[in-house]
Amino acid sequence: MCLALPALVTALLPDDAATVTLGGVSKTVSLALVSDVAVGDYVIVHVGYALARVDPDEAEKTLALFAEMAKAGEAVA
């Protein structure tokens, strides 16, 4: 099973790379598969590659659902 999550682009780097942030963690990813990405965009990231840009409203809804699931999981544990 694969899981790709929306991450916020916080910096554009040389060589088709960017810094993205997800859950307070920053990571460098490749933008080789996506064009026209800007700081402030959300991208779907999987195994170090941005696969697609995502509408900001949809990205925030998705991240809110994951936060809700994490909170529910903590309550069960």
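Here is what the cut-offs are and how they apply
Residues numbered from 1 in each chain as written. Predicted model: local features only at pLDDT ≥ 70, side-chain atom pairs only at ≥ 80, totals over all residues. Heavy atoms only, no water. Helix = DSSP H or I, 4+ residues; strand = E, 2+ residues; numbered from the N terminus. Buried < 20%, exposed > 50% of the residue type's maximum accessible area, 1.4 Å probe, protein only. Pairing = 2+ DSSP bridges. Patch = residues over 30% accessible without salt bridge, like charges linked within 9 Å, V, L, I, M, F, W, Y side chains within 5 Å. Areas by Shrake-Rupley, 256 points an atom, 1.4 Å probe, with all protein chains shown as cover. Salt bridge = Lys/Arg side-chain N within 4 Å of Asp/Glu carboxyl O. Contact = heavy atoms within 4.5 Å. Core = buried A, V, L, I, M, F, W, Y, C linked by side-chain atoms within 4.5 Å.

**Comments concerning the overall build of the protein chain**
Of the regular secondary structure elements, the protein chain holds 1 helix and 5 strands. Secondary structure elements of the protein chain, listed N to C terminal, follow the sequence β-β-β-β-β-α. Principal axes of the C-alpha set define a box for the protein chain whose edges measure 45 × 25 × 20 Å. Taken across its 77 residues, the protein chain has 23% of its residues classed as buried.

**Concerning the pairing of strand β5 (residues 49-54)**
With 5 bridges connecting them, strand β4 (residues 42-46) and β5 associate as antiparallel partners. When the bridges of β5 are listed, V45 appears paired with A50. Between β4 and β5, which pair antiparallel and follow one another directly, the connecting turn spans 2 residues, one of which, V47, has a positive phi of 45°.

**Regarding a nonpolar patch on the surface**
A contiguous nonpolar patch, built from L33, V47, Y49 and L51 and spanning about 410 Å² of accessible area, is present on the exposed surface. Checked against the element boundaries, Y49 lands in strand β5. Given a relative accessible area of 39%, Y49 falls into the partly exposed group.

**Some remarks on the environment of L12**
When you line up the elements, L12 lands in strand β1 (residues 5-13). Residues L12 and A38 lie 26 residues apart in sequence; the distance between their C-alpha atoms is 7.3 Å. With sequence-adjacent residues up to four places away left out, L12 is seen in contact with A17, A18, L31, V37, A38 and V39.

**Digging into the pairing of β1**
As judged from the 4 bridges shared by β1 and β4, these two strands associate in the antiparallel manner. If you follow L8 over to β4, its bridge partner there is Y42. Taken together, the 5 bridges between β1 and strand β2 (residues 17-22) define a ladder with antiparallel strand orientation. Within β2, the position partnered with A11 by the bridge is T19.

**Quick word on the nonpolar core**
A7, V9, A18, V20, V29, L31, V34, V37, V43, V45 and A50 together form the largest nonpolar core, which totals 11 residues. Among the elements of the structure, β1, β2 and β4 are those that each provide at least two residues to this core.

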